[in-house]
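Here's the letter readout for the chains.
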Amino acid sequence: MFRVLEDINAKNADAMYSAGSAMTIGMGVVKGANFEADFPSEATATDVFFVTKEIIPTGLDTLKGEISDYALEAIAAGEKVVLVKPIVGEIYWTDQIDSGIAKDDYVVVGTDGKFEKATSTKSNLKVVSTEVKDAGTHAGIAIEVVDWATVS
């Protein structure tokens, strides 16, 4: 899942792309050819986007009074997506992470779309909290977009 905790008002979100493969809301992606968003070929923080989509119940889910966002977070290959570009000063929350990430770590998007600890590269995505829980129960990390730093 993906939540915007602090963002810059009136920023464009790119809705021209489709998912190049199956993914989950909150993963990190890069823009590819033919307006397809997909996972990077190597771990990176350069030109990455958070992937999301409109959460609209379909089929039998439309008959339910309320439905959790988590029941609708899967994105099928070929489905239209919205790409959110992280800009310095913004803070986002995602649960699409690898284990072993701690507060003050820098993260990058791995080849599986999950955010992982940066070990020897540049990143501008700094973990400011591992304590924020979505809806009080879903664990994830809060990522602040900061100036670029070389991680060693």
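Structural data are supplied above this passage.
First things first, this report covers the structure right here in the doc.

The rules we used
Residues numbered from 1 in each chain as written. Predicted model: local features only at pLDDT ≥ 70, side-chain atom pairs only at ≥ 80, totals over all residues. Heavy atoms only, no water. Helix = DSSP H or I, 4+ residues; strand = E, 2+ residues; numbered from the N terminus. Rg over C-alpha atoms; globule rule 2.2 N^0.38 Å. Buried < 20%, exposed > 50% of the residue type's maximum accessible area, 1.4 Å probe, protein only. Contact = heavy atoms within 4.5 Å. Areas by Shrake-Rupley, 256 points an atom, 1.4 Å probe, with all protein chains shown as cover. Polar contact = N/O pair within 3.5 Å; in protein donor to acceptor, adjacent residues only side chain to side chain. Pairing = 2+ DSSP bridges. Salt bridge = Lys/Arg side-chain N within 4 Å of Asp/Glu carboxyl O.

Across its full length, the chain holds 0 helices and 15 strands. In terms of C-alpha radius of gyration, the chain reaches 15 Å, essentially the compact-globule figure of 15 Å for 152 residues. Viewed in the frame of its principal axes, the chain has a C-alpha envelope of about 50 × 40 × 30 Å. In the chain, which comprises 152 residues, the proportion classed as buried is 41%. Taking all contacts inside the chain whose residues are at least 6 apart in sequence as the whole, residues at least 24 apart take part in 63%. Entry remark: accessible area of the chain is about 8000 Å², with carbon and sulfur atoms responsible for 50%.

Time to look at the environment of Asp61. Within the secondary structure, Asp61 is located in the loop between strand E6 (49-52) and strand E7 (74-75). In sequence terms Asp61 and Ala71 are 10 residues apart; their C-alpha atoms lie 9.4 Å from each other. Discounting chain neighbours no more than four positions away, the residues touching Asp61 are Ile67 and Leu72. Within the structure, the side chain of Asp61 is placed 3.0 Å from the side chain of Lys64, a separation counted as a polar contact.

Paired through their backbone hydrogen bonds, the strands of a sheet run either parallel or antiparallel. The 5 strands lie next to each other as E2-E5-E4-E6-E8, forming an open sheet whose pairing is mixed. This sheet does not close on itself; its edge strands, each paired only once, are strand E2 (18-19) and strand E8 (82-84). Summarising the sheet, E6 and E8 pair through 3 bridges and their orientation is antiparallel. By the bridge assignment, Thr52 is partnered in E8 with Val82.

Quick look at the pattern of salt bridges now. Scanning all chains against the criterion turns up 9 salt bridges. In this structure, the salt-bridge partner of Glu90 is Lys11, at a minimum N-O distance of 2.9 Å. Of this pair, Glu90 sits in the loop between E8 and strand E9 (91-94) while Lys11 sits in the loop between strand E1 (2-6) and E2, placing them 79 residues apart in sequence. A salt bridge links Asp105 to Lys117, with the shortest nitrogen-to-oxygen separation between them at 3.9 Å. Within this pair, whereas Asp105 is found in the loop between E9 and strand E10 (107-109), its partner Lys117 is found in strand E11 (residues 115-117), the two being separated by 12 residues in sequence. In this structure, a network of salt bridges that share partners links the residues Arg3, Asp69 and Asp134.

Positive phi, close to 65 degrees, is recorded for Ala10, a residue that is not glycine. Tracing the chain through its elements places Ala10 in the loop between E1 and E2. Its relative accessible area of 78% is what places Ala10 among the exposed residues. Even without being glycine, Asn34 reaches a positive phi, approximately 55 degrees. Relative to the assigned elements, Asn34 resides in the loop between strand E4 (28-31) and strand E5 (36-38). The class of Asn34 is exposed, set by a relative accessible area of 70%.

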